[in-house]
Amino acid sequence: MPLSFTFVGAGAVGGFFGAMLARHGQDVRFIARGRHLEAMRAHGLRITGPLGDFTVHAPAQSDPTRFEPADVVVLTVKTYDNVTALPIVRLLVGPNTVVLTLQNGVDSADAVASVVGQSATLAGAAYIATAIEAPGVIRQTGTHRRIVFGECFAPAATVSARVAAIADALTKADIQAEAVADARPAIWEKFAYLAPFAAFTGAARLPFGPLWADAETRRLFLEAVDEVEAVARAHGIALPAGSRQRIVDYAHALDPSTRSSLLIDLQAGKPIEVEALQGSVVRRGRQAGVSTPILATLYAVLKPHAGGPIRG
């Protein structure tokens, strides 16, 4: 039986993955707001990029009470919106609903579990380069569309049945789904790349290419990756074998014009995910007695912009 999905957030990440599922016949609904919601209702949600251009017409609402509980609620809003998003998630959950969080950082699963319970919570890491080009239009760059996800509170030796069922639906929608028994190492592996990537691009106000091309900046970036790995290890999480080399390979292959979502938000005058990324590394490192000098410095640089533009 096909699964039903409700995406809390129809932005660059949730909108893309939800549109892929809807394009391939899955039952998809979106919680959205503002001009983006109005455009989706009027013209559908349009995806453009190297995988082809297409438009889907899926139900979209700002009011979660207009939707019945779905089989899977997917949380993709920025972490700074959780104060409003988590109560919406609670309203969308029925007795058999699972919530899959794809939010950045390593704190989201705990936040979701605080409102729906650990048994209803799954977590994962999304690898996708997308941005809202205009209301109702999402542009993808590159061909990565990968989600690695699984159980996060009661992992077993093998992939759970519910994770396997969701992975099957994603794969049928041409999404590169990787189901794992324990999501935590995969989430921390992405975190080890994303926290430095967002920090360096945000602090420099530059895309990644010029930073990676400079030998000294590249060295410091990789030292920042090592800082996150040390924090993970101190918290009992072993990153998957070969993680550092995969990060290096990924960085080498990345389009030089790629900006982190933190930099995109910063340049657009929006709040930034500094607390969920660099702030989390620093706090967790301090808690475990692990020094994080590079990310602590960049956290201090970015922290004043957490809520958006600084008013002098």
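For the structure, check the block above.
These numbers come from a predicted model, not from an experiment.

With respect to the packing of helix α6 (residues 184-204) against helix α9 (residues 243-253)
Right, on to step 1. In the contact formed by α6 and α9, the axes pass within 10 Å of each other and the chain directions differ by 45 degrees. In terms of orientation, α6 lies oblique with respect to α9. The crossing of α6 and α9 is right-handed. Residues E189, A192 and Y193 of α6 touch α9, and the partners they reach there are S243, R246, I247 and Y250.
Right, on to step 2. In terms of residue class, the contact of α6 with α9 is made up of 4 nonpolar, 1 polar and 2 charged.

Thoughts on helix α1 (residues 12-23)
Right, on to step 1. The end-to-end C-alpha distance of α1 is 16 Å, a good match for the 16 Å that 12 residues give at a rise of 1.5 Å each.
Right, on to step 2. Within α1 the residues assigned to the buried category are A12, G14, G15, F16, F17, G18, A19, M20 and L21.
Right, on to step 3. G25 occupies a position one or two residues after α1 and carries a positive phi of about 90 degrees.

Let's talk about the side chain of R145
Right, on to step 1. Among the structural elements, R145 can be located in strand β9 (residues 137-151).
Right, on to step 2. Engagement of the side chain of R145 in a polar contact is seen with the backbone oxygen of T143, the distance being 2.7 Å.

A short note on unusual backbone geometry
Right, on to step 1. One non-glycine residue with positive phi stands out, namely D174, at about 65 degrees.
Right, on to step 2. Relative to the helices and strands, D174 resides in the loop between α5 (161-172) and β10 (176-180).
Right, on to step 3. Although it is not a glycine, R205 adopts a positive phi angle of roughly 55 degrees.
Right, on to step 4. As for its placement among the helices and strands, R205 is situated in the loop between α6 and α7 (208-213).

The rules behind these values
Residues numbered from 1 in each chain as written. Predicted model: local features only at pLDDT ≥ 70, side-chain atom pairs only at ≥ 80, totals over all residues. Heavy atoms only, no water. Axes fitted to C-alpha atoms, helices over the stretch in contact; angles between N-to-C directions. Helix = DSSP H or I, 4+ residues; strand = E, 2+ residues; numbered from the N terminus. Parallel < 35°, antiparallel > 145°, perpendicular 65-115°, else oblique. Left-handed = near helix turned anticlockwise from the far one by under 90°. Contact = heavy atoms within 4.5 Å. Nonpolar A, V, L, I, M, F, W, Y, C, P; charged D, E, K, R; others polar. Expected span 1.5 Å × (residues − 1). Buried < 20%, exposed > 50% of the residue type's maximum accessible area, 1.4 Å probe, protein only. Polar contact = N/O pair within 3.5 Å; in protein donor to acceptor, adjacent residues only side chain to side chain.

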